[in-house]
Amino acid sequence: AQSVTQPDIHITVSEGASLELRCNYSYGATPYLFWYVQSPGQGLQLLLKYFSGDTLVQGIKGFEAEFKRSQSSFNLRKPSVHWSDAAEYFCAVGFYTSGNTPLVFGKGTRLSVIA
Amino acid sequence: EAGVAQSPRYKIIEKRQSVAFWCNPISGHATLYWYQQILGQGPKLLIQFQNNGVVDDSQLPKDRFSAERLKGVDSTLKIQPAKLEDSAVYLCASSLGGNEKLFFGSGTQLSVL
């Protein structure tokens with residue numbers, strides 16, 4: 001069964017510092033990979049996704065992620081964090097069979113931003 | 001464009017009571033999902049509809065949970081009877097077709113006492 005691991009439960013970074021959130025997945029075939037962000041009291045919002053092609057994908061709000069097949073990873077990065085980036089970040093994995101398979105989400109990483 | 005609407009925003013009930021949640025997806029979205037998000041965990045799919053048909057309900061506890069999407073638009077999720085472990089945020093999401101991009105509502109936070 002496919003699974004997603006986000007090793008870091010909580011990360012604190014200073015405003016303006018760089019950020020990397022880790023995500024590892026377990027699945028035999030090439031998965032579809034996603035990062036979602038959830039602000040307090042809000043639903044999840046898609047930041048970016050990888051389906052195929054270029055392994056470095058750009059998303060909204062200045063985020064990017066890199067798919068590394070050899071490491072089964074899809075880490076999220078941002079060069080300079082803003083206070084408004086404080087939120088919960090979820091990595092998710094899916095795969096294509098008939099085109100509509102459920103996503104499996106990781107447990108999330110909570111990001112705190114300090115001045 | 002209007003987003004995914006959910007109500008109520010919060011609900012507090014006692015165990016063994018029943019509760020219902022409502023979701024109105026984005027207009028034109030064929031696929032509707034109900035997720036359960038327990039504190040400290042990621043969302044877990046309960047049920048997925050394609051129009052008014054069920055695509056996946058393998059993780060729905062069918063002895064107490066039920067869901068319907070009669071006209072292929074809005075949907076209700078019901079729990080009867082509720083247990084303490086049902087305390088969670090129930091998220092509704094919709095998409096045009098597949099899972100390429102899901103749009104989530106703000107959720108219903110359920111507390112079972």
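Use the structure listed above.
The structure presented is a predicted model; accordingly, all values stated were derived computationally and were not measured. (Residues numbered from 1 in each chain as written. Chains lettered and ligands numbered in written order. Predicted model: local features only at pLDDT ≥ 70, side-chain atom pairs only at ≥ 80, totals over all residues. Heavy atoms only, no water.)

## Focus: the overall build of chain B
Alright, step 1. The number of helices and strands found in chain B is zero helices and 11 strands.
Alright, step 2. Listing every helix and strand of chain B by position from the N terminus yields β-β-β-β-β-β-β-β-β-β-β.
Alright, step 3. Counting every position in chain B, which comprises 113 residues, the buried fraction comes to 46%.
Alright, step 4. Across chain B, the fraction of contacts at a sequence separation of at least 24, relative to all contacts at a separation of at least 6, is 53%.
Alright, step 5. Summed over all atoms, the accessible surface of chain B reaches about 5500 Å², with 50% contributed by carbon and sulfur. (Helix = DSSP H or I, 4+ residues; strand = E, 2+ residues; numbered from the N terminus. Buried < 20%, exposed > 50% of the residue type's maximum accessible area, 1.4 Å probe, protein only. Contact = heavy atoms within 4.5 Å. Areas by Shrake-Rupley, 256 points an atom, 1.4 Å probe, with all protein chains shown as cover.)

## What to know about the packing of aromatic side chains
Alright, step 1. As enumerated under the stated definition, the model contains 14 aromatic pairs over all chains in all.
Alright, step 2. With a centroid separation of 5.0 Å and an interplanar angle of 25 degrees, the aromatic rings of B:Phe21 and B:Tyr90 are classed as stacked. One end of the pair, B:Phe21, is in strand β3 (residues 19–24); the other, B:Tyr90, is in strand β9 (residues 88–95), and 69 residues separate them in sequence.
Alright, step 3. Here B:Tyr90 falls in the buried class, since its relative accessible area comes to 0%.
Alright, step 4. Ring plane angle 45 degrees and centroid distance 5.7 Å describe the contact between B:Tyr35 and B:Phe104, whose orientation is recorded as tilted. On the criterion of sequence distance, the pair formed by B:Tyr35 in strand β4 (residues 31–37) and B:Phe104 in strand β10 (residues 103–104) is long-range, its members being 69 residues apart.
Alright, step 5. Note on B:Tyr35: relative accessible area 0%, which makes it buried.
Alright, step 6. In this structure B:Phe104 comes out as buried when scored by relative accessible area, which is 10%.
Alright, step 7. Site record: aromatic cluster; members linked through ring pairs are A:Tyr32, A:Phe34, A:Tyr36, A:Phe51, A:Phe105, B:Tyr33, B:Tyr35 and B:Phe104. (Phe/Tyr/Trp six-rings, centres within 6.5 Å; stacked < 30°, edge-to-face > 60°.)

## Section: the interface of chain A and chain B
Alright, step 1. Each partner contributes residues to the interface: chain A has 19 residues there, and chain B has 24 residues.
Alright, step 2. Of the roughly 1600 Å² buried between chain A and chain B on both sides combined, carbon and sulfur atoms contribute 50%.
Alright, step 3. In this assembly, chain A and chain B are joined by zero salt bridges.
Alright, step 4. The interface formed by chain A and chain B includes four residue pairs in polar contact (both at pLDDT 80 or more). (Buried area = accessible area lost by both parts, 1.4 Å probe. Salt bridge = Lys/Arg side-chain N within 4 Å of Asp/Glu carboxyl O. Polar contact = N/O pair within 3.5 Å; in protein donor to acceptor, adjacent residues only side chain to side chain.)

## Points about unusual backbone geometry
Glycine aside, a negative phi is what most residues show, and trans is what most peptide bonds show.
Residues and elements named next belong to chain B.
Alright, step 1. With an omega dihedral of -5 degrees, the bond running from Ser-7 to Pro-8 counts as a cis peptide bond.
Alright, step 2. Summarising the element assignment, Pro-8 is placed in the loop between β1 (5–7) and β2 (10–13).
Alright, step 3. For the bond running from Gln-80 to Pro-81, omega is -5 degrees, close enough to zero to count as cis.
Alright, step 4. Structurally, Pro-81 is set in the loop between β8 (75–79) and β9.

## Let's talk about the state of the cysteines
Disulfides are covalent bonds that connect the sulfur atoms of two cysteines.
Alright, step 1. Counting across every chain of the model gives two disulfides over all chains.
Alright, step 2. Disulfide pairing is shown between A:Cys23 and A:Cys91; the S-S distance is 2.0 Å. Taking the sign of the S-S torsion, about -65 degrees here, the bridge from A:Cys23 to A:Cys91 comes out left-handed. Highlighted residues: A:Cys23 in the loop between β3 (19–21) and β4 (24–26) and A:Cys91 in strand β10 (residues 87–94), separated in sequence by 68 residues.
Alright, step 3. A:Cys23 sits in the buried class, given a relative accessible area of 0%.
Alright, step 4. By relative accessible area, A:Cys91 is classed as buried at 0%.
Alright, step 5. Linked covalently through their sulfurs, B:Cys23 and B:Cys92 form a disulfide whose S-S length is 1.9 Å. (Disulfide = S-S within 2.5 Å.)

## Side note on the side chain of A:Asp85
Alright, step 1. Take A:Asp85: it is sitting in the loop between β9 (73–78) and β10.
Alright, step 2. Setting aside residues no more than four positions away along its own chain, A:Asp85 makes contact with A:Phe63, A:Lys78 and A:Leu111.

## Side note on the sheet that holds β1(B)
Residues and elements named next belong to chain B.
Alright, step 1. Pairing within the open sheet is antiparallel, and its four strands lie in the order β1-β3-β8-β7. The sheet terminates laterally at β1 and β7 (65–68), the two strands that pair on one side only. Pairs of neighbouring strands in the sheet enclose a mean axial angle of 15 degrees, with direction left out of account.
Alright, step 2. With four bridges joining them, β7 and β8 adopt antiparallel strand pairing. By the bridge assignment, Ser-66 is partnered in β8 with Lys-78. (Pairing = 2+ DSSP bridges. Axes fitted to C-alpha atoms, helices over the stretch in contact; angles between N-to-C directions.)

Nothing here speaks to function; it is all geometry.
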